[in-house]
Amino acid sequence: MKTKRLYYTDSNLLSFKSRIIETRLEDNKHITILEKTAFYPTSGGQQHDIGMLEKVPVIDVIDGEQILHLTESAVGKVGEIVTGNIDYKRRHKNKQQHSAQHILSQSFYRLYNLTTMSVHLGESYGNIEFDTKGISIEQLQKAEQLSNQIIAENRTVEVFMAHPDNLSKYNLRRPPKRTGEIRLISIDDFECTACGGTHVKATSEIQLVKIISTEKIRGRVAVNFLSGQQAIDDYVIRFGVTDSLTKKLTCSVSDVESHFDKLVEHNKRYKRELTLMQKELIPLRIDESIANVEFIDNTPVVFAIETRFDKNTINHFATQLAIKCNGIAVLLYNDKIILSCADISNQHAGNIANFVSTETNLRGGGSKNLAQLGGALADNFDLYKEKIREFVHLGNNEN
Ligand SMILES: [Zn+2]
């Protein structure tokens, strides 16, 4: 027996009573089939309703001749009359989204002759795939404008069944996919399409439609949109961000972008200037560091903690320091050890790094002149120094 679909004739019906005609267990989910139901099953791109059957939450609703209600526990026994309650928030969002989609689809069709190929009304936004390779920003704006005009005009939305022989008088946006009696959704003098979904009763219930992005799918363009409460929630988030930015930048919303571009430009310039200034600082820091030179056997080594250079300059500094002291420079720089060996020292920075990494938990490596180890801790700098002294001393004795 086919399930009678109560939402077909009344999409505002949120509470109903019905008799259980079948129950079964599939993949650990309880399935309940009712004589009639107001629960909308996932179909036509629209998400299923959620809600309660008696005191049991309905987690999924599956379409077919018979509508299946999925729950984690049993709802009742065959023959029992149960009460169903539909979650208003989700139903309301689905209605707003689905009616908004019809209006958007019709707007793109009227203005640019674009055919709707598929629809996906998701949890966070709706998506309409159009049979076209491209839609301009101006076209998006015009279609959105027309849609919001239709919403503001509070046009009546009607749902009715039509005989297949009479369809020619309805000026349908596209031919129906089903045969037999067809359920039509008509938006007063604007749109008429075959559809099984739940819809608002008048367009002002949709409140607002906002196109948020486009994407390419299957070589076509899909338009992503928000409607109703989704669009309002999004506005609250966006307002919060722009309001905070206008206060921080002390400018109007329309100037935020140019202020931001200026900041990015300034930032680039300061970085360039900082690099130049750091290069000028190098000789001074070399003199300071070299004062602490120590000798491992006859090899000069400078150990230093360095914080003043940025990552573009630190390797240059290490190399210069090693050359200037005719030996090895070892820098603790943030969480790194940077090693540089001057050619004259006959030491190999990469080999020193390999030895230290086998003796500690530092990781890295490098070439003869420059090497780097990551994962360094300031508290362990003495340990790293000891390992380096050990390796250089052993190497010197071998020579
Ligand atoms: Zn529809």
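Fair warning: this is a prediction, and the values are worked out from it, not measured in the lab. (Residues numbered from 1 in each chain as written. Predicted model: local features only at pLDDT ≥ 70, side-chain atom pairs only at ≥ 80, totals over all residues. Heavy atoms only, no water.)

Observations regarding the packing of aromatic side chains
Next, step 1: Enumeration according to the criterion identifies nine aromatic pairs in this entry.
Next, step 2: In textbook terms, an aromatic cluster arises when at least three aromatic residues are bridged by ring pairs, as seen for Y7, Y8 and Y40. (Phe/Tyr/Trp six-rings, centres within 6.5 Å; stacked < 30°, edge-to-face > 60°.)

Things to note about the coordination of the zinc ion
Next, step 1: Here the zinc ion is held by the protein donor atoms H98 (NE2), H102 (NE2) and C195 (SG), which lie 2.1 to 2.3 Å from it.
Next, step 2: Donor residues for the zinc ion, ordered by position in the chain, follow H-x3-H-x92-C. Of this pair, H98 sits in helix α1 (residues 88-112) while C195 sits in the loop between β13 (191-194) and β14 (209-217), and the two are 97 residues apart along the sequence. Each member of the pair, H98 together with C195, is buried. (Donors = N, O, S within 2.8 Å, 3.2 Å for Na, K, Ca; no water. Helix = DSSP H or I, 4+ residues; strand = E, 2+ residues; numbered from the N terminus. Buried < 20%, exposed > 50% of the residue type's maximum accessible area, 1.4 Å probe, protein only.)

Describing the sheet that holds strand β20 (residues 363-366)
Adjacent strands of a sheet form backbone hydrogen bonds with each other and so pair up, either parallel or antiparallel.
Next, step 1: Judged by pairing direction, the sheet is mixed, and its six strands sit side by side in the order β16-β17-β18-β19-β21-β20 without closing on themselves. Among the strands making up the open sheet, the edge pair consists of β16 (294-296) and β20. Across the sheet, the mean angle from the axis of one strand to that of its neighbour is 20°, orientation sign disregarded.
Next, step 2: Inspection of the sheet shows strand β17 (residues 299-305) paired to strand β18 (residues 328-333) by five bridges, in the parallel sense. Its bridge partner lying in β18, V302 is registered against A329.
Next, step 3: Its contacts with the sheet place helix α5 (residues 314-325) against β17, β18, β19 (336-341) and β21 (370-374), and it is angled at close to 150° to β18. (Pairing = 2+ DSSP bridges. Axes fitted to C-alpha atoms, helices over the stretch in contact; angles between N-to-C directions. Contact = heavy atoms within 4.5 Å.)

Description of the state of the cysteines
As used in these notes, a disulfide is a covalent bond between sulfur atoms, one from each of two cysteines.
Next, step 1: On inspection of all chains with the given rule, the structure shows zero disulfides.
Next, step 2: Sulfur of C192: no disulfide; nearest cysteine sulfur belongs to C195 and is 11 Å away.
Next, step 3: As a non-bridged cysteine, C325 has C341 as the owner of its nearest cysteine sulfur, 9.4 Å distant.
Next, step 4: Assessed through its relative accessible area of 8%, C325 is described here as buried. (Disulfide = S-S within 2.5 Å.)

Some details on the domain arrangement of the protein chain
Next, step 1: Here the domain parsing of the protein chain yields domain 1 (4-86), domain 2 (92-236) and domain 3 (281-398).
Next, step 2: Using only C-alpha atoms to locate each centre, domain 2 and domain 3 end up separated by 67 Å. (Domains from an automatic or database assignment.)

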